[in-house]
Structures are given as structure tokens and as C-alpha cells.
Amino acid sequence: MTTLIKIIKYQLHDLLRGKWFILYTAVFFLLTDGLFRFGGDPGQVSLSLMNVVLFIIPLVSIVFGTMFFYNSREFMELLLSQPISRVSLFLGLYLGLTLPLSAVYLIGVGVPFMYHAGIMTGSYWILLLVGVSLTWVFTALAFLIAVLSEQRVKGVGMTIVLWLFFAILYDGIILFILFALEDYPLEKLTLILSLFNPIDLGRILMLLQLDIAALMGYTGALFSKFYGDMFGSAVAVLALWTWCATPVLLGYRAFSKKDF
Amino acid sequence: MIDIKGLKKRFGRLEVLKELDAQIKDNKITAIVGHNGSGKTTLIKCLLGLDKYDGGDISINDFKLSGDWNYRSQIGYMPQVARFPDNLTATEVITMISDLRTGSTTHADELIAYFRLSKEMEKPLKTLSGGTRQKVNAIVALMFNPDILILDEPTAGLDPVSSSLLKDMIHSEKDAGKTVIITSHIMSEIQELADTILYLLDGKMLFDGPVDELISQTGEKNLERAIAKMMT
């Protein structure tokens, strides 16, 4: 445990000196602050930020996570030649990246939001929760791909395809299914399918909080009924965190057998 | 003593180590030689637990390796390429490794002075030259006073002065009773340093014995020519 904490500590030390962290914070900060200054109320700002959160965070987390893993290859070799267990190293690298990425998001979005609107709005907390959860999920997927794929170009290519799938293609496939099977009752199927896309789960949690689920018609009403109560929200959050835990576990399994 | 029995390792379809048997004796400098792709680095990585072997056994001082990682506290490893986190300084890397190996005492300060690195210690590692980073690498391998030293192409990238300093250090480590395993493509360097040679050919042991014996067996005047004769 102490080894794990030490690895995280040095990882943070290294990453937080990089200029890109300042840039990433500045982008979120200026965007959130700007949206408030252009006259948006907290609900409108949350809705605008939602699109950024749902597309940019998964993309940055998955691409940066993969690059980070490949770039740490020799450093991993150095640490694995020391009396250090593979589980400590894997979790140390994972947490050493997700913690600063989450912190950057929380500062970049959380501080201007707090300053302009206070922290008492529900959308504020959901926005932070979804942003942080997606960071953890997509960094976990990035690590899994990077462990499994030896080739850097192939690995980065796969992460972009996976992001495209979850961010764009998945919804297209669902629409196609709904269209093709329009004569059948599909509400439950839609509900189940939404669990298999972390970005959709994030979107649903946010839309329900923003109280605009009615815009989604009957399905929205159904989602509102299921996800809107405590049980439904808990299922959505649990599904999001399963999306994080599964690739971390699979990634560690592959990492423990990996040749360096 | 390091005892290797029937070691097998394959990467996909490529069989790199084919039931390799070898013994690496204590208090000797053993060079592992062979052409590119003969399995030298794979053998070293199997010893370190960086590569998982498919069959056979490795024992270090009668301790059989089986997925455990504590035994690595006896080993100092200097890889071929020195890469560290870009934004850390050499001092921070040394502090980090010392911190991770709680309870181990270091003599890093002596080594920093020996390799004349004092002025470079506070600069980010990404700004240092390859040779300077290699010296930091050497310090990391040597600073815990390990019983076994594994050096993969240790003088690659070093200037003649630093290379001589490192070779002198390797000799003094041997005199202090250490077991040293070294790989290099520079045969004159191996002739200068090594007591014993393990010559690998396509994942099998072709020769295991003293350097002089290999030279006399081939009837050549130096190690480079002796190895070249064995390769052809």
C-alpha cells in the first residue's frame, strides 16, 4: 500500500509540472467562466458544458491515457526491476494519471461555477460527477488497450475508433435498431442498451438533472421514470463505475502477464 | 549462484530461448554474448522477472523464482536505454527509488561524486544528454550495493572518460565479491572485463566457460575473432 502511494506521489510530481495540465485547466476555466459571463444561467451553462464534457473528456482521457502508458514503458521497466509488485505499479500509474486529470477538471469547471452560481444547484454536482466518472472510465479503457497492443500507432488508432464508437456510432446503431423494430415495444431494450455506453449513461444522468428529459419524448419519460428516482440514478452511477472497474481489472490481468 | 535449467521462452511463433541451461557463478564477471536476436536480453529479462518464461526454472542462491518480486532487492539493473520521467531531476529519481526500496541503504552520494555528476543533479532529466542519463542509470543500479549486477550494454553512449570510470567500477564491484552479468557488442570490452562467457546461438547455449578457453579453442588471437569464427 505504501509503495502504491509513493508511486502515485512521484507520478503526480512529474505530471503536474507539464504545461499541458495548465492548458487543460485553462480551457475548462475560460469556457465555464465565459459561458457565465455571456449571460447564461446555471442550467444553460450546464447544458452547454455537457456537450464538452461528453465529447472532450472521453477523447482527452483515452488518447492521453494511451500515450502516457506507451511513454512510461521504460520507466515501468526501471520500476519493475526494483522489488516492486506489478499490482502496485499498475494501480500507481492509473491513479497517478486519473487523480490529476480529475483535479484539473474539478478546478477548471468547479471553481468558476462556484464563483458565479454557488454550489447549491443539483446540476453542478452531476456535472462534476459525470466529468470525473468519464475521466476514470476512459483512462481505464486507454490502459487496457495500451497493455494489450504492443504497437503504439495501432493502440492510439484503436482508442480513437473506440471513442468514435461510444460518442457517435453507438447512438446511430440504437437509432437503426429502433427504426428497424419500430413495430415492437422497445422501451426496455433502449433502457438496457443505454447501460452499455458510458457516454450515454453520463448524458442521461445530466439530462434528467437538467429536467429536460421531456424533450426525448416517450423514451425520455421512461428514462425519467427509471433513472429519475434514487434507484435508477444509483443503477446509472453503478453502471458507470462498472465501466471503470472492468477495464482496470482486465488491464491488470494482462499487465501481470506482460513481457517488458 | 544463478542456476538456469531448461529455460523456454517464445514470443508468438518465435521461439527465443530453447531449453537453455546455464550457471552463473558467484564473484565472477559473466558476459552474455551472441548475435542480434540470439536471446541475450530475453535471458536477462527472465532473470529480472520482466519477461515471463514459458518453461524451465531459474534459481538465485537456491531460491526458485516463481512470480515473487522481493528477490529483486538483491539485484541492481542497468538497462540499455536510460529513460526516466521527463520532468523529474536526477536527484528526484534517486530519492524516489530509495524511497520505494524502504530500508535499503544507499551510497548514491559517493557514486555521484565518482561519476562527476554533481552539477547535473538538479536539472530535469529531459534536458540531459543520453550519456549523462546513462550515468544516472548506473548510479541507480549500483547505489544499493546489490549482490548481483546486471548491466545491459552499460557503456553504450558513454564518452571514453565515463566509460573507463564505469569499467573500473565494475572491476571493483567484482573485487568486493559481487556477481556481475554484462552484455555488450564490443568484444574488446568483454575481453577486458569478463571472466566467463555464455555464448548464445538461436536461444541455445553454444559455449559456457572462461574467456581464455574460448580463444584457445578457436585458435584465434583475440575474443572478437574467436566469436566471429564461431558465428560462421
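Below or above, wherever it landed, is the structure these notes cover.

### Re the overall build of chain B
Of the regular secondary structure elements, chain B holds eight helices and 10 strands. Here chain B has a C-alpha radius of gyration of 18 Å; the compact-globule value for 232 residues is 17 Å, and the two agree. C-alpha atoms of chain B, sized along the principal axes, occupy 50 × 40 × 35 Å. Relative to its full complement of 232 residues, chain B shows a buried share of 53%. Contacts spanning at least 24 positions in sequence make up 68% of the contacts within chain B whose residues lie at least 6 apart. Of the roughly 10200 Å² that chain B leaves accessible, carbon and sulfur atoms contribute 47%.

### Some thoughts on the sheet that holds strand β5 (residues 63-64) of chain B
Pairing between sheet strands relies on hydrogen bonds along the backbone, with the strands arranged either parallel or antiparallel. All names here are of chain B. With respect to topology, four strands assemble into an open sheet ordered β2-β1-β4-β5, the strand pairing being antiparallel. Because the sheet does not close on itself, it has two edges, and the strands there are β2 (14-24) and β5. Taken together, the two bridges between strand β4 (residues 55-60) and β5 define a ladder with antiparallel strand orientation. Considered in β5, the bridge of Ile60 is made with Phe63. Its contacts with the sheet put helix α1 (residues 40-48) on β1 (2-11), β2 and β4, and the angle it makes with β1 is roughly 115 degrees.

### Some remarks on the pattern of salt bridges
Residue and element names in this part refer to chain A. In the structure shown here, the tally under the stated rule is 18 salt bridges over all chains. Where Asp33 meets Arg37, a salt bridge forms, and the shortest distance between an N and an O atom there is 2.7 Å. With Asp33 and Arg37 both in helix α2 (residues 19-37) and four residues apart, this pair spans about one turn of that helix. By relative accessible area, which is 12% here, Asp33 ends up buried.

### Digging into the sheet that holds strand β7 (residues 148-152) of chain B
Residues and elements named next belong to chain B. Strands sit in the order β6-β7-β8-β3-β9-β10 across an open sheet of six strands; the sheet is mixed. Strands with a single pairing partner mark the edges of an open sheet, and in this sheet they are β6 (75-78) and β10 (204-210). In this sheet, adjacent strand axes meet at a mean angle of 15 degrees when their direction is disregarded. Two elements, strand β3 (residues 29-33) and strand β8 (residues 179-183), share four bridges in a ladder whose sense is parallel.

### Things to note about the packing of aromatic side chains
Considering all chains together, one arrives at 23 aromatic pairs over all chains under this definition. Residues A:Tyr24 and A:Phe28 carry aromatic rings whose centres are separated by 5.0 Å and whose planes lie at 65 degrees to one another, so their mutual orientation is edge-to-face. Residue A:Tyr24 and its partner A:Phe28 are located together in helix α2, separated by four residues, close to a single helical turn. Just as A:Tyr24 is buried, A:Phe28 falls in that class too. Where A:Phe28 meets A:Tyr105, the ring centres are 5.3 Å apart and the plane angle is 85 degrees; that geometry is what we call edge-to-face. Pair noted here: A:Phe28 is in helix α2 and A:Tyr105 is in helix α5 (residues 86-117), with a separation of 77 residues, a long-range link. Chaining the aromatic ring pairs together yields one cluster made of A:Phe68, A:Phe69, A:Phe90, A:Tyr94, A:Trp136, A:Phe143, A:Trp241, A:Tyr252, A:Phe255 and A:Phe260. A cation over a ring is seen here: B:Lys9 above B:Phe11, with NZ or CZ 4.8 Å from the ring centre. Sitting over the face of the ring of B:Phe144, B:Arg101 holds its NZ or CZ atom 4.0 Å from the ring centroid.

### Brief notes about a nonpolar patch on the surface
Residue and element names in this part refer to chain A. Residues Phe29, Leu30, Ile107, Val111, Met114, Ile119 and Trp125 make up a contiguous nonpolar surface patch of roughly 650 Å² in combined accessible area. Mapped by element, the contributors of at least two residues to the nonpolar patch are α2 and α5. In terms of residue count, the dominant contributor to the nonpolar patch is α5 (three residues). One can find Ile107 in helix α5. For Ile107, a relative accessible area of 45% translates into the label partly exposed.

### Considerations on the environment of A:Phe36
Residue and element names in this part refer to chain A. Within the secondary structure layout, Phe36 lies in helix α2. With 103 residues separating them in the primary sequence, Phe36 and Thr139 have C-alpha atoms 29 Å apart. Aside from chain neighbours lying at most four places away, what touches Phe36 is Pro42, Val45, Pro112, Phe113, His116 and Ala117.

### Observations regarding the pairing of β2(B)
All names here are of chain B. Where β1 and β2 come together, seven bridges link them in antiparallel fashion. In the sheet register, Ile4 faces β2, and the bridge partner there is Ala22. Where β1 hands over to β2, the hairpin turn is made up of two residues, of which Gly12 adopts a positive phi near 65 degrees.

### Quick notes on the side chain of B:Lys9
Mapped onto the elements, B:Lys9 comes out in strand β1. A distance of 2.6 Å separates polar atoms of two side chains, one belonging to B:Lys9 and the other to A:Asp259. At 2.7 Å, the side chain of B:Lys9 forms a polar contact with the backbone oxygen of B:Lys52. In contact with B:Lys9, not counting residues within four places along its chain, are A:Asp259, B:Leu14, B:Glu15, B:Val16, B:Leu17, B:Thr42, B:Lys52, B:Tyr53 and B:Asp54.

### Considerations on unusual backbone geometry
With phi around 50 degrees, B:Glu19 is a residue other than glycine that occupies positive phi space. Residue placement: B:Glu19 occurs in strand β2.

### Thoughts on the interface of chain B and chain A
The partner chain A presents 27 residues to the 30 residues of chain B that form the contact. Considering only the surface of chain B that becomes buried against chain A, B:Leu50, B:Arg83 and B:Leu100 emerge as the three largest contributors, covering 24% of it. Between chain B and chain A we count four salt bridges in total. Where B:Lys45 meets A:Glu77, a salt bridge forms, and the shortest distance between an N and an O atom there is 3.9 Å. The interface formed by chain B and chain A holds 14 residue pairs in polar contact (both at pLDDT 80 or more) in total. Elements with a contribution of two residues or more to the side of chain B that touches chain A: β1, α1 and α2 (90-100) of chain B. Sorting elements by how many residues they give to the side of chain B that touches chain A places α2(B) first, with six residues. Grouping the constituent residues of the side of chain B that touches chain A by class yields 14 nonpolar, six polar and 10 charged.

Cut-offs and rules
Along each chain, the written sequence defines residue order, and numbers are assigned to residues from 1. Starting at A for chains and at 1 for ligands, labels are handed out in the order in which the entities are written. Only residues with pLDDT of at least 70 get local features here, since the model is predicted, and only at 80 or more are side-chain atom pairs given and counted; chain-wide, interface and lining totals rely on the full set of residues. Side-chain numbers here rest on the full set of heavy atoms in the structure, without hydrogens or water. Helix and strand assignments come from DSSP, with helices taken as H or I runs of at least 4 residues and strands as E runs of at least 2, each series counted from the N terminus. To get the radius of gyration, use the C-alpha atoms; to get the globule rule, take the number of residues to the power 0.38 and multiply by 2.2 Å. A simple rule labels every residue: compare its accessible area, found with a 1.4 Å probe on the protein chains alone, to the largest value its type can have, and call it buried under 20%, exposed over 50%, or partly exposed in between. A contact between two residues is defined here by any heavy atoms of the two lying within 4.5 Å. Only the protein chains shown count as covering a residue, and every accessible area follows the Shrake-Rupley method with a 1.4 Å probe. Strands are labelled as partners when DSSP assigns at least two bridges between them. Interaxial angle, 0 to 180 degrees, is taken between N-to-C directions of lines fitted to C-alpha atoms, where a helix line uses only the stretch in contact. Salt bridges are defined by distance alone: a side-chain nitrogen of Lys or Arg within 4 Å of a carboxyl oxygen of Asp or Glu. Here a Phe, Tyr or Trp ring, Trp counted by its six-membered ring, pairs with any other such ring whose centre lies within 6.5 Å, and the pair is stacked when the planes are under 30 degrees apart, edge-to-face when over 60, and tilted otherwise. A ring is considered to have a charge above it if a Lys NZ or an Arg CZ atom is located within 6 Å of its centre and within 35 degrees of its normal. Patch membership requires over 30% relative accessible area and the absence of a salt bridge. Like charges are linked within 9 Å, and nonpolar side chains (Val, Leu, Ile, Met, Phe, Trp, Tyr) within 5 Å. Each polar contact in these results corresponds to two N or O atoms within 3.5 Å; when the atoms are within protein, one needs to be able to donate a hydrogen and the other to accept it, and residues that are neighboring in sequence are counted only if both atoms are side-chain atoms. Buried area, as used here, totals the accessible surface that two parts lose on assembly, with accessibility defined by a 1.4 Å probe and the loss added over both. Following the grouping adopted for this structure description, the nonpolar residues are Ala, Val, Leu, Ile, Met, Phe, Trp, Tyr, Cys and Pro, the charged ones are Asp, Glu, Lys and Arg, and the polar ones are all others, Gly among them.

Everything listed here is a matter of geometry and, on its own, says nothing about what the molecule does.
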